[in-house]
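# Structural characterization, general
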Amino acid sequence: DLEAKFQLSFKGRLLTTEDRRWGLWFAYTQQSQWQVYSDDISRPFRETNYMPELILSYKPALQWGDLQWNLFNLAFNHQSNGRSDTLSRSWERLVGSLGVEQGNLGVLARLWWRVSESSDSDDNPTISDYYGWGDLSAIYKWNGQSFAGTIRGNPSTGKGAGQLTWTTAPLLGPLRGYVKVFSGYGESLIDYNWNQSTIGIGITLNDWL
């Protein structure tokens, strides 16, 4: 029940227009769950997920009063756990994202469409039933701290997940502390159809705004 979790992410621009309103980006995220506290089973990595993305980004640069619309993305997203046979999990998605800001508040909405696979090669044919069709995230920054929440789901099955995160102001250089609470399906690919609730504490280099 007690494990360590860590995530590494980076994003780089491949192409852009002269006015910087259009851009093509590559991004990569790797998330691991490590049973580091379980010395009786040799502290194995329980799960590692790999997610490369190709993202076409557009900056609308529209404003209504204090509300700004500066983000519209279309992405091709591959996610897998690199395992074989019955433990293999993978899927590919086309993802549309829209983000708006007002003062210290940012809101990001995403919808995705799963790229279909043949029944012979599909490792997880019901993943959309549990993981959902999209998500909605909000983050509020106050006195150097961040308060964030995300919900995602599939209305037709009533399944999904929710997450709340508090990130402190910088404690040591860029390092921040955080507390995260998660409840629902799909904290990792191997858990996509397992309903669980977790709480975590840790450190992070930055939040997502």
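Above this note sits the structure.
Under the counting rule described, the total for this entry stands at 9 aromatic pairs. Each ring, one from W91 and one from Y131, has its centre 5.2 Å from the other, and the planes form 75°; the classification is edge-to-face. Linking W91 in strand β6 (residues 90–102) with Y131 in helix α1 (residues 127–131), this pair joins segments that are 40 residues apart in sequence. You can call W91 buried: its relative accessible area is 1%. Cluster of aromatic residues (ring-pair linked, three or more members): F6, W34 and F45. Here the guanidinium or amino end of R93 rests over the ring plane of W112, the centre of that ring lying 4.7 Å away.

A separate point is the environment of L189. Within the element layout of this structure, L189 appears in the loop between β11 (176–184) and β12 (196–204). Looking at L189, the relative accessible area reads 2%, which means it is buried. Sequence separation between L189 and L67 is 122 residues; the distance between their C-alpha atoms is 35 Å. For L189, the residues in contact, after removing those within four places along its chain, are E47, N49, Q79, S80, N81, R89, W91 and I127.

Inspection of the secondary structure assignment puts S90 in strand β6. With sequence-adjacent residues up to four places away left out, S90 is seen in contact with Q79, S80, R114, E117, D123 and N124.

Here we come to the environment of W194. With respect to the helices, strands and loops of the structure, W194 is situated in the loop between β11 and β12. We classify W194 as partly exposed; its relative accessible area is 47%. Each C-alpha atom, one on W194 and one on S118, is 24 Å from the other, the two residues being 76 residues apart in sequence. Once residues within four sequence positions are removed from consideration, W194 is found in contact with G184, Y185 and G186.

Bringing the side chain of E187 into the picture now. Locating E187 in the fold gives a position in the loop between β11 and β12. A residue is classified by how much of its surface remains accessible, and E187, at 13% relative accessible area, is buried. At 3.3 Å, the side chain of E187 and the side chain of K5 are in polar contact. Those residues within four positions of E187 in sequence are excluded, and the remaining contacts are K5, Q31, Q33, R152, K180, F182, Q196 and T198.

Let us look at unusual backbone geometry. Trans is the prevailing form of peptide bonds, just as negative phi is the prevailing case for residues other than glycine. Even without a glycine there, the phi angle at R43 is positive, about 50°. Positionally, R43 belongs in the loop between β2 (22–34) and β3 (45–58). You will see that D85, though not glycine, has its phi angle at about 55°, which is positive. Topologically, D85 is positioned in the loop between β5 (67–80) and β6. D85 sits in the exposed class, given a relative accessible area of 68%.

All right, on to a nonpolar patch on the surface then. A cluster of nonpolar side chains, F10, L14, L15, F26, L54, F76, L94 and W113, forms an exposed patch at the surface whose accessible area comes to about 810 Å². Take W113: it is sitting in strand β7 (residues 105–114). Accessibility expressed as a relative area gives 53% for W113, which makes it exposed.

For the rest of this paragraph, the subject is the nonpolar core. Listed in full, the 12 residues of the largest apolar core are A27, I55, A75, W91, V95, W112, I127, Y130, Y131, Y185, L189 and Y192. Those elements giving two or more residues to this core turn out to be β6 and α1. Considering every element that reaches this core, the biggest residue donor is α1, with 3 residues.

What counts, and at which threshold
Positions within a chain are numbered from 1, following the residues in the order the chain's sequence is written. Only residues with pLDDT of 70 or above have their local features reported here, since the model is predicted, and side-chain atom pairs are shown and tallied only from 80 upward, although totals for entire chains, interfaces and linings are computed over all residues. Hydrogens and water molecules were not included; the side-chain quantities draw on all heavy atoms of the structure. When the centres of two rings from Phe, Tyr and Trp lie within 6.5 Å, Trp using its six-membered ring, the rings pair. Their planes under 30 degrees apart give stacked, over 60 give edge-to-face, and anything left gives tilted. Secondary structure counts use DSSP, requiring at least four H or I residues in a row for a helix and at least two E residues in a row for a strand, with both numbered from the N terminus. Relative accessibility thresholds used throughout: buried, under 20% of the residue-type maximum; exposed, over 50%; partly exposed, between the two (1.4 Å probe, protein chains only). Remark: a charge is flagged as sitting over a ring if the NZ atom of Lys or the CZ atom of Arg is within 6 Å of the ring centre and within 35 degrees of the ring normal. Pairs of residues are marked as contacts when any of their non-hydrogen atoms sit within 4.5 Å. Polar contact criterion, stated in full: a pair of N or O atoms within 3.5 Å, where within protein one must be able to donate a hydrogen and the other to accept it, and residues adjacent in sequence count only if both atoms are side-chain atoms. Patch construction takes residues with relative accessible area above 30% that form no salt bridge. Like charges are linked within 9 Å, and nonpolar side chains (Val, Leu, Ile, Met, Phe, Trp, Tyr) are linked within 5 Å. To measure how exposed things are, a 1.4 Å probe is used in the Shrake-Rupley method; for residues, cover is taken only from the protein chains shown. When a carboxyl oxygen of Asp or Glu is within 4 Å of a side-chain nitrogen of Lys or Arg, the pair counts as a salt bridge. Nine residue types can take part in a nonpolar core, namely buried Ala, Val, Leu, Ile, Met, Phe, Trp, Tyr and Cys, and a core is a set of them joined through side-chain atoms within 4.5 Å.

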